[in-house]
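Fold and geometry: a report
If you want the building blocks of each chain, they are given just below.
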There are 2 protein chains.
Amino acid sequence: MRAEHINPFLRSIANTFETMLGCDLQRGEIVLKKQKNLQFPISGVIGLTGKAVGTVVINLSEAVALNAASTMLMMECGEVDEDVIDAVGEIANMVAGAAKAELEEFDLSVSLPNVVTGEKHDIKFPSNATPICVPFQCKWGPLQLEVGLETVGASVAHA
Amino acid sequence: MRAEHINPFLRSIANTFETMLGCDLQRGEIVLKKQKNLQFPISGVIGLTGKAVGTVVINLSEAVALNAASTMLMMECGEVDEDVIDAVGEIANMVAGAAKAELEEFDLSVSLPNVVTGEKHDIKFPSNATPICVPFQCKWGPLQLEVGLETVGASVAHA
């Protein structure tokens, strides 16, 4: 993944949280994803296809997931139920959708979002992919964004 | 998801295990996925986009993942390391790739495969999707296939 391709995702997650959820994100240091467990128990995951293929993961602490869902749905969400799952999937969808509009050279489409739950889950990428991981803090707690995006075909990869 | 769309995936997982891994699958009863934890700790996940969007999940017991990887890589895999992760992702990729060739009316593309690990992980679909879950047994142990595929646009959905 080329480092500059993370920028549309950084803008889209910040815009999604600010405009949809009224929540400012403070960004931490951008790192390559290491092969260790994710830190948080709820992940919105969405696949990307086109002239590049990849995955966007929005990994949320439970507090961020519940507060974000409560804000989106305008109702109190006290546990990770179907409504919260749908809200997290929709946030992943919005982040991926806004970023793909900026990455028009790849003509990207997004898959159905899935939401992975489980205290110790980890979402691993193929070893030849180099996903980028970006931690954030917000008023509800911590979250992180992970993006792996690999161009299809060498002429695009090294253009 | 229309029930008949599961058939290409049933054929492709059986063919992949038989031809790539020399392993016959015995199919259990096809059910709608319930909102409960998956049974097995390793999932190969791949997104589908096109005139339908969806996700294919190959959920494997550790014994199936290790034996399948050992067979593919022609070396003994004793723990779930990077090689096993790549092998599980490649199996998901082959299953999705062969099925999409049969579902040409949807003009599907596949995303980068991911592999989710964690004893109690669950991969949830949006509440308006109705993923189909199919358990299998093989000589190495149990596994299951989950597929959610939703057509894009009513004219396709109800054609």
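The notes below deal with the structure included here.

Scoring rules and cut-offs
- Residues numbered from 1 in each chain as written.
- Chains lettered and ligands numbered in written order.
- Predicted model: local features only at pLDDT ≥ 70, side-chain atom pairs only at ≥ 80, totals over all residues.
- Heavy atoms only, no water.
- 1 Å grid on protein atoms, 1.4 Å probe; cavity = no way out; pocket = protein on both sides within 12 Å on 5 of 7 lines; lining within 4 Å.
- Points joined across faces, edges and corners; volume = space filled by probe spheres on them.
- Nonpolar A, V, L, I, M, F, W, Y, C, P; charged D, E, K, R; others polar.
- Helix = DSSP H or I, 4+ residues; strand = E, 2+ residues; numbered from the N terminus.
- Contact = heavy atoms within 4.5 Å.
- Buried area = accessible area lost by both parts, 1.4 Å probe.
- Salt bridge = Lys/Arg side-chain N within 4 Å of Asp/Glu carboxyl O.
- Polar contact = N/O pair within 3.5 Å; in protein donor to acceptor, adjacent residues only side chain to side chain.
- Pairing = 2+ DSSP bridges.

Digging into empty space enclosed by the protein
A full pass over the atoms with the stated rule returns two cavities of 30 Å³ or more. Its volume calculated, the largest cavity comes out at about 80 Å³. Along its surface, the largest cavity is lined by 14 residues, and A:V45, A:I46, A:G47, B:V45 and B:G47 are the ones closest to its centre. Considered class by class, the residues forming the lining of the largest cavity number six nonpolar, eight polar and no charged. Its volume calculated, the second largest cavity comes out at about 30 Å³. Along the walls of the second largest cavity sit A:V45, A:N114, A:V116, A:I123, B:V45, B:N114, B:V116 and B:I123, which together make up its complete lining. Going through the elements one at a time, strand 6 (114–117) of chain A together with strand 6 (114–117) of chain B are the ones with two or more residues in the lining of the second largest cavity. A per-class count over the lining of the second largest cavity returns six nonpolar, two polar and no charged.

Quick notes on the interface of chain A and chain B
Chain A puts 31 residues into the contact, and the matching count from chain B is 31 residues. Roughly 2400 Å² is buried in total at the junction of chain A and chain B, and carbon and sulfur atoms are behind 58% of that figure. Looking at the side of chain A facing chain B, the largest losses of area belong to A:L112, A:N114 and A:K124, adding up to 26% of the total buried there. Taken together, chain A and chain B are joined by zero salt bridges. The tally of links between chain A and chain B comes to 13 residue pairs in polar contact (both at pLDDT 80 or more). Residue assignment for the side of chain A that touches chain B shows that the elements contributing at least two residues are strand 3 (42–49), strand 4 (52–60), helix 3 (82–102), strand 5 (109–110), strand 6, strand 7 (122–124) and strand 9 (141–151) of chain A. With four residues, strand 6 of chain A is the single largest residue contributor to the side of chain A that touches chain B. Looking at the side of chain A that touches chain B residue by residue, the classes come out as 12 nonpolar, 13 polar and six charged. Where strand 7 of chain A lies against strand 6 of chain B, three bridges are found, and the strand directions are antiparallel.

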